[in-house]
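Structural description and commentary
Residues per chain, in single letters:
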Amino acid sequence: MRIPCPHCGLRGHEEFAYLGDATLRRPDPAAPDAERAFAEYAYRRDNPAGRHRELWYHAQGCGTWLVVERDTLTHEIGRVTEAREQGGS
Amino acid sequence: MSGGASTQPRRLASGGAIDRSQPLEFRFDGRTYTGYAGDTLASALVANGVRLLGRSFKYHRPRGLLCAGPEEPNALVELRDGARREPNTRATVVELFGGLEAASQNRWPSLAFDVLAVNRWLGPVFAAGFYYKTFMWPAAFWERLYEPLIRRAAGLGRIATGPDPDGYEKSYAFCDLLVIGAGPAGLAAALTAGRAGLRVLLIDEDFLPGGRLNAERQLLDGRPAREWAAAAVAELGSLPSVRLMRRTTVVGCYDHGVYGALERVHDHRPAPPPFEPRQRLWRIACRHCVLASGAYERPLLFGDNDLPGVMLAGAVRTYANRFAALAGRRAVVFADNDEGAVTAADLVAAGADVVALVDPRTAPGATGVERIAGVVRRAIGGQGLRGVEILAADGSVRRIACDLLAMSGGWSPALQLTAHHGGRPRWDDRLGTFLPGTLPAGMMVAGAANGDFTTEAALAAGVRAALAAAAALGHAAAPVALPSVSPESVGHRPLWEVAGTRGKCFVDFQHDVAVTDIELAEREGYRAAEHMKRYTTLGMATDQGKTASLNGLAVLAARTGRSIAATGTTTFRPPVVPVAIGALAGTHRGRDFRPLRLTAAHAWAVEQGAIFMETGPWLRAQYFPRPGEPTWLESVTREVNATRQAVGVCDVSTLGKIDLQGPDACEFLERLYVNGWRTLAVGRARYGLMLREDGMVMDDGTVSRLGEHRYLITTTTANAVAVFQHMQWCHQVLWPGLDVQFVSVSDQWAQYSVAGPRARELLRAVVAAEHDLSNEAFPYMAAGTLRLRDDTVARLFRISFSGEHAYEIAVPARAGERVVRMLMAAGAPLGVTPYGLEALGAMRIEKGHVAGNELSGQTTAHDLGFGKMLSTKKDYIGAVLARRAALTDPDRPRLVGLAPVGRGDRFGAGAHLVRRGVEPVAAADEGYVTSAAFSPTLGHWIGLGLLRRGPERHGERVVAFDPLRGRRTELEVRDPVFVDPAGERLRV
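Computed from a predicted model, the values in this text were never measured in an experiment.

Counting its secondary structure elements, chain B contains 21 helices and 49 strands. Reported as C-alpha extents along the three principal axes, the dimensions of chain B are approximately 115 × 70 × 60 Å. Residues classed as buried in chain B amount to 59% of the 988 residues present. When the accessible surface of chain B is split by element, carbon and sulfur atoms take 54% of a total near 38,500 Å². The average position of the 113 basic charges and that of the 102 acidic charges among the side chains of chain B differ by 2 Å.

Below, the discussion takes up the interface of chain B and chain A. At the interface, 25 residues of chain B touch 29 residues of chain A. When the two sides are added together, the surface that chain B and chain A hide from each other amounts to roughly 2,300 Å², 56% of it contributed by carbon and sulfur. Of all residues in chain B, B:H256, B:Q732 and B:V880 give up the largest surface area on contact with chain A, accounting jointly for 26% of the area buried on that side. Among the salt bridges present, the one from B:D875 reaches A:R26, with a minimum N-O distance of 2.8 Å.

Glancing now at the packing of helix α9 (residues 515–523) of chain B against helix α10 (residues 529–536) of chain B. Residues and elements named next belong to chain B. At their nearest, the axes of α9 and α10 sit 10 Å apart, and the two run at 120° to each other. As summarised for this structure, α9 and α10 are arranged oblique, according to the angle between their axes. You can see that α9 and α10 cross each other, and the crossing is right-handed. Contacts between α9 and α10 involve D517, I518 and A521 from the first element and M532, Y535 and T536 from the second. A breakdown of the residues in the contact of α9 with α10 according to their chemical character gives four nonpolar, one polar and one charged.

Residues and elements named next belong to chain B. Ordered by their spatial adjacency, three strands build an open sheet running β30-β32-β31, and the pairing between neighbours is mixed. Every other strand in the sheet has two partners, leaving β30 (597–598) and β31 (611–615) as the edge strands with one partner each. In the sheet, β30 pairs with strand β32 (residues 618–623) via two bridges, with the strands oriented parallel. Following the sheet pairing, R597 is matched in β32 by W618. Packing of helix α20 (residues 837–846) onto the sheet brings it into contact with β31 and β32, and relative to β32 it is tilted by some 70°.

Glancing now at the packing of aromatic side chains. Under the counting rule described, the total for this entry stands at 19 aromatic pairs over all chains. Centroid distance A:Y57 to A:W65: 4.8 Å. Interplanar angle 25°. Geometry classified as stacked. Given the relative accessible area of 4%, A:Y57 is considered buried. Using a relative accessible area of 1% as the deciding quantity, one classes A:W65 as buried. Geometrically, the ring pair formed by B:W427 and B:W496 is tilted, given 6.3 Å between the ring centres and 40° between the ring planes. One end of the pair, B:W427, is in strand β25 (residues 426–428); the other, B:W496, is in the loop between α8 (455–472) and β28 (506–508), and 69 residues separate them in sequence.

Residues and elements named next belong to chain B. In terms of burial, strand β2 (residues 31–37) is a largely internal element, five of the seven residues being buried. In the sheet, strand β1 (residues 19–28) pairs with β2 via seven bridges, with the strands oriented antiparallel. The partner of R27 across the bridge, within β2, is T32. If you look at the hairpin formed by β1 and β2, you'll find two residues sitting between the two strands, and D29 has a positive phi there, around 50°.

Domain boundaries assigned for chain B yield domain 1 (1–161), domain 2 (168–295 + 413–472), domain 3 (299–409 + 491–503), domain 4 (597–654 + 748–843), domain 5 (656–744) and domain 6 (844–987). Summarising the inter-unit geometry, the C-alpha centres of domain 3 of chain B and domain 4 of chain B are found 84 Å apart.

Residues and elements named next belong to chain B. By size, the foremost hydrophobic cluster in this structure holds 81 residues, and its most contacted members are F28, L41, F302 and F334. Examining the composition of this core, we find that six residues originate from one element, helix α1 (residues 41–47), more than from any other. There are two domains that each give this core at least three residues, and those are domain 1 (1–161) and domain 3 (299–409 + 491–503). L41 has contacts with F26, V77, L79, A91, V94, L96, L100 and A102, leaving out every residue within four places of it along the chain.

The next subject is the packing of helix α18 (residues 759–766) of chain B against helix α19 (residues 816–827) of chain B. Residue and element names in this part refer to chain B. With their axes 9 Å apart at the nearest point, α18 and α19 run at an angle of 115° to one another. Between α18 and α19 lies a crossing of right-handed hand. Residues L762, L763, A765 and V766 of α18 pack against M822, L823, A826 and G827 of α19. In terms of residue class, the contact of α18 with α19 is made up of seven nonpolar, one polar and no charged.

As a further point, take the side chain of B:T40. All names here are of chain B. With respect to the element layout, T40 can be found in the loop between β2 and α1. The exposure class assigned to T40 is buried, which follows from its relative accessible area of 4%. Sequence-distant contacts of T40, that is, excluding residues within four places in its chain, are made with A91, T92, V94, E95, L96, F207 and F323.

For the rest of this paragraph, the subject is the environment of B:V50. Residues and elements named next belong to chain B. Mapped onto the elements, V50 comes out in the loop between α1 and β3 (54–55). In sequence terms V50 and L482 are 432 residues apart; their C-alpha atoms lie 40 Å from each other. Excluding residues that lie within four positions of it along the chain, V50 makes contacts with F28, Y33 and L45.

Residues and elements named next belong to chain B. The full count for this structure, using the stated rule, is six cavities of 30 Å³ or more. Of the pockets and cavities examined, the largest cavity occupies roughly 150 Å³. If you go around the largest cavity, you meet 17 residues; those closest to its centre are T599, A605, R620, A621 and D651. Listing elements by their share of the lining of the largest cavity, those giving two or more residues are α14 (602–607), β32 and β33 (648–651). Among the residues forming the lining of the largest cavity, the class breakdown is eleven nonpolar, four polar and two charged.

The next thing to look at is the sheet that holds strand β7 (residues 100–104) of chain B. In sheet architecture, strand pairing relies on hydrogen bonds along the backbone and comes in two forms, parallel and antiparallel. All names here are of chain B. Pairing is mixed across the open sheet formed by five strands, whose spatial order is β2-β1-β7-β5-β6. This sheet does not close on itself; its edge strands, each paired only once, are β2 and β6 (86–90). Averaged over all adjacent pairs, the angle separating strand axes in this sheet is 40°, with direction ignored. Sheet analysis places strand β5 (residues 76–79) next to β7, joined by three bridges and oriented antiparallel. Bridging across to β7, V77 finds its partner in S104.

What follows is about helix α1 (residues 34–43) of chain A. Turning to α1(A), its buried residues number three or more, namely A:A34, A:A37, A:F38 and A:Y41. Across the axial projection of α1(A), the buried residues extend over an arc of 95°, all falling on one side. Where α1(A) is buried, its residues contact α17 (720–734) and α21 (879–882) of chain B.

All names here are of chain B. Taking 1.5 Å per residue as the helical rise, helix α11 (residues 549–560) with its twelve residues ought to reach 16 Å, and the 16 Å between its terminal C-alpha atoms agrees with that figure. Counting buried positions over the twelve residues of α11 gives nine, a clear majority of the element. Where α11 is concerned, the buried positions are L550, N551, G552, L553, A554, V555, L556, A557 and T560. Note on α11: the residue one or two positions beyond its end, G561, has a positive phi of about 75°.

Attention now goes to the pattern of salt bridges. Residues and elements named next belong to chain B. Under the counting rule described, the total for this entry stands at 73 salt bridges over all chains. With its nearest N and O atoms 2.6 Å apart, the salt bridge here joins R61 to D306. Within this pair, whereas R61 is found in the loop between β3 and β4 (62–63), its partner D306 is found in the loop between β16 (295–297) and β17 (310–312), the two being separated by 245 residues in sequence. For R322, the salt bridge is made with D206, and the minimal N-O distance between the two is 2.6 Å. With a gap of 116 residues between them, R322 in the loop between α6 (313–321) and β18 (330–335) and D206 in the loop between β9 (200–203) and β10 (219–220) connect regions that are remote in the sequence. A residue is classified by how much of its surface remains accessible, and R322, at 6% relative accessible area, is buried. For D206, a relative accessible area of 23% gives the class partly exposed. A single salt-bridge network, built from bridges that share partners, covers R61, R63, D304, D306, R378 and D512.

Rules used in this analysis
Residues numbered from 1 in each chain as written. Chains lettered and ligands numbered in written order. Predicted model: local features only at pLDDT ≥ 70, side-chain atom pairs only at ≥ 80, totals over all residues. Heavy atoms only, no water. Helix = DSSP H or I, 4+ residues; strand = E, 2+ residues; numbered from the N terminus. Buried < 20%, exposed > 50% of the residue type's maximum accessible area, 1.4 Å probe, protein only. Areas by Shrake-Rupley, 256 points an atom, 1.4 Å probe, with all protein chains shown as cover. Lys, Arg positive; Asp, Glu negative; His and termini not counted. Charge placed at Lys NZ, Arg CZ, Asp CG, Glu CD. Contact = heavy atoms within 4.5 Å. Buried area = accessible area lost by both parts, 1.4 Å probe. Salt bridge = Lys/Arg side-chain N within 4 Å of Asp/Glu carboxyl O. Axes fitted to C-alpha atoms, helices over the stretch in contact; angles between N-to-C directions. Parallel < 35°, antiparallel > 145°, perpendicular 65-115°, else oblique. Left-handed = near helix turned anticlockwise from the far one by under 90°. Nonpolar A, V, L, I, M, F, W, Y, C, P; charged D, E, K, R; others polar. Pairing = 2+ DSSP bridges. Phe/Tyr/Trp six-rings, centres within 6.5 Å; stacked < 30°, edge-to-face > 60°. Domains from an automatic or database assignment. Core = buried A, V, L, I, M, F, W, Y, C linked by side-chain atoms within 4.5 Å. 1 Å grid on protein atoms, 1.4 Å probe; cavity = no way out; pocket = protein on both sides within 12 Å on 5 of 7 lines; lining within 4 Å. Points joined across faces, edges and corners; volume = space filled by probe spheres on them. Arc of directions from axis to C-beta. Expected span 1.5 Å × (residues − 1).

Have a look at this one:
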């Protein structure tokens with residue numbers, strides 16, 4: 001795969017580290033059901049077939065965490081943005 | 001023909017793309033022959049009249065050449081000798097060189113007389129599914145008897161057992177347009193794109209580009225096709241944006257225009273020149289690709305169609321036209337298509353006697369050769385073809401003597417690369433073959449690979465594909481003026497199978513799969529293409545069924561009453577041709593398996609006689625043996641004692657170091673670590689513990705506050721990269737609003753531990769006089785920047801891993817070696833001793849400090865005795881889940897110290913802990929020893945371990961059970977801190 005890094009251009013996937021679902025948000029630790037919410041956050045993952053938003057880290061490049069829109073069936077890559085643009089947890 | 005080389009009896013006097021001025025001697029099965037530059041091993045053997053090249057896989061039937069190209073199933077030979085011996089090499093792609101040594105495979109004692117040919121009469125034993133049926137009982141016989149027997153009987157050559165003496169490498173290429181195959185379509189595409197200025201990479205498997213233009217007697221613009229190809233190659237060579245790679249096979253199609261290719265850089269020489277690789281694996285990234293990989297000709301299915309002397313018609317033409325080598329003197333041609341007539345004409349032109357052209361189609365030809373409407377139903381011969389039995393359309397049977405049968409069942413596109421992304425080939429009824437289906441993004445297919453079986457159509461398709469690629473890339477491109485092509489005729493009505501055959505009728509020649517095997521598979525219920533493939537092993541040999549798979553599908557379709565289209569193809573997976581493991585490994589072998597990192601003071605450690613060990617990518621000093629120390633234990637004991645009694649120096653440069661700055665730096669640390677940082681003053685250091693979000697311990701280290709908004713973080717050596725990445729994630733993904741910046745400075749600073757009661761005296765001698773190192777001015781856990789006496793800028797941290805009065809001094813990496821020498825020189829009067837990782841480990845175990853063995857990713861802060869560090873006043877990574885009942889359960893295995901009851905006893909890490917008097921079985925397991933060392937300070941072995949309810953069990957005796965080392969040691973459970981539990985030495 002080749003991933004278009006907003007800073008470094010189109011680069012081979014071997015330069016990147018994969019983390020997974022970029023749609024997860026770190027739960028509120030003060031909420032009454034925090035333990036359940038954090039357990040979901042830490043362990044449960046959907047395994048979507050199709051469009052997915054994923055976190056990739058340009059480890060051998062600029063060190064930016066990216067949100068990569070990728071089709072898990074075709075590996076087609078859509079929008080790539082910096083994770084920091086999501087505004088955090 | 002003893003002594004001296006043979007005279008190439010089947011070589012034509014003229015013609016061909018060989019250089020008769022360059023004769024090359026080579027050996028096959030110990031006999032010397034001569035060929036010419038431009039030959040393959042196969043063509044040279046044809047020229048020398050050698051027909052028998054190997055024995056088949058299961059039945060040990062005699063086999064000769066079937067093809068002239070990479071799809072060859074039969075002519076597998078061993079090349080070279082000794083450590084360079086390579087089995088299963090296709091003679092058809094081996095470029096001849098002087099001194100080549102080749103040997104046939106799969107025969108004993110000799111090719112002509114092969115004892116195991118009796119397998120032929122055991123045919124039923126080896127029928128489809130024989131692996132699953134015949135050798136199943138009794139089970140114990142499999143390993144001892146059946147498997148060795150089968151391997152001996154049904155082998156595919158012998159591998160070399162010595163280390164490969166040759167080098168391999170990997171390389172990367174980028175282009176606008178990748179053209180795969182330099183036949184008519186590929187050359188036309190490359191010319192069109194190259195003239196338009198596109199960056200073109202044209203890749204061809206052969207050493208002579210041109211594809212079938214080199215193999216046919218066609219005329220292009222009235223000149224031999226080969227001349228047009230040569231002119232095209234010459235022009236491509238003059239175009240600055242075009243690169244032609246010969247001897248290179250594209251083996252896989254990956255995502256986003258990435259292709260893998262294998263370049264046989266020096267396979268055509270006896271050995272690679274010094275410092276050059278034998279093969280090179282390419283990763284090619286292209287924006288568009290034109291696949292012009294051509295097609296494979298199909299054999300016809302009739303009795304004993306595997307006899308040496310039965311050859312594909314296209315291969316017969318290749319040997320005659322390109323290599324000027326005649327595959328037989330008296331030939332019969334058997335084809336279900338118009339190329340039968342072409343073949344007959346080429347053979348006549350080459351001087352062969354063509355005695356019959358057999359074609360099941362009734363339309364008569366006018367080639368001057370007797371034309372028989374009918375089929376060959378059987379080949380006749382022993383070790384080679386002697387004749388054929390023909391069943392004419394009128395029902396009459398004739399036997400005709402011949403030494404060559406050229407057969408053709410039409411062509412199948414070489415479409416593997418189109419299917420690597422899961423695209424299914426689609427059936428074309430008009431052409432009677434599968435064509436590429438849904439293509440990978442960016443790929444176009446041109447020429448025979450797309451069913452354009454005439455040269456004229458292939459040339460035009462190549463131009464069209466290149467124009468489309470150029471347009472997509474925004475380049476203006478003009479079509480190349482194409483040559484006029486002499487008349488071509490490719491009429492074809494697939495025969496698929498000859499009815500009423502006698503003898504064995506092979507479909508997959510390399511795996512010895514016959515029509516009867518497919519019939520058996522079908523009868524036993526293996527009716528799906530994938531099932532039939534696995535049950536019969538059709539298409540599963542090293543040639544992956546390039547000549548066999550469509551014929552096999554046709555037979556299966558006929559037996560199941562389905563169409564071929566409905567039967568479908570099996571899945572195509574990379575690589576298209578076999579790739580040596582050496583090429584995949586590239587330079588990553590032996591010491592270069594992965595990068596090796598050396599610290600700044602490595603040369604100094606070498607001088608000191610250090611024994612090194614690998615820790616991650618680093619090479620670190622393990623211990624420093626001195627004369628008279630017979631084992632590592634004496635050296636380590638001396639190093640520990642010297643450090644605890646005077647002063648020792650240890651290179652700790654490999655620790656991860658991260659410089660963190662910004663107004664929110666303290667807040668960032670608060671969220672990263674379990675403990676608090678708000679009270680850490682400038683000039684002070686503190687131990688910190690980091691969890692993962694699931695509540696398990698991730699890493700530990702120290703954080704020193706260097707300024708109001710500046711901190712220096714250290715990590716363990718092993719987690720340096722992971723912690724930095726984790727921090728990047730926390731900052732960028734979780735808390736982008738925090739105003740912090742951080743950078744890894746692990747490589748920028750060399751760092752040395754100076755430990756022992758005389759550490760301050762030593763530092764006093766190297767630190768500039770203006771700095772006060774007294775206990776009051778620079779107490780335990782102080783951190784600061786200072787100058788050394790030689791003006792080197794340094795950072796000093798009064799931290800201790802050994803439990804001694806200790807410092808870590810950090811200097812710019814380039815000053816590292818100088819500073820360590822300075823420390824050693826200044827410490828000489830004090831008895832300074834360098835110590836390595838073993839002494840470091842022994843001292844940290846004596847002190848009860850956890851390290852990598854305890855930070856295993858499966859331990860919690862509670863397990864390691866850090867429960868009290870977990871702040872309850874703030875949120876941090878892992879805070880919520882670390883509070884889960886199961887993670888703070890006192891019943892969990894928790895950190896303890898361990899000492900042998902018999903003080904002379906030894907025990908080791910990994911031993912499991914069980915109660916005394918209990919059978920040491922998994923159910924009785926209560927934990928294990930995580931670290932163990934001989935303690936020079938205490939004079940016996942000690943250890944750390946994780947023991948269920950450990951902290952409540954101090955004073956109890958348990959058994960360390962170590963079946964791996966055959967030990968069972970009684971241990972006393974105790975506090976993990978063995979030396980200076982009050983920490984008095986740290987603070988003097």
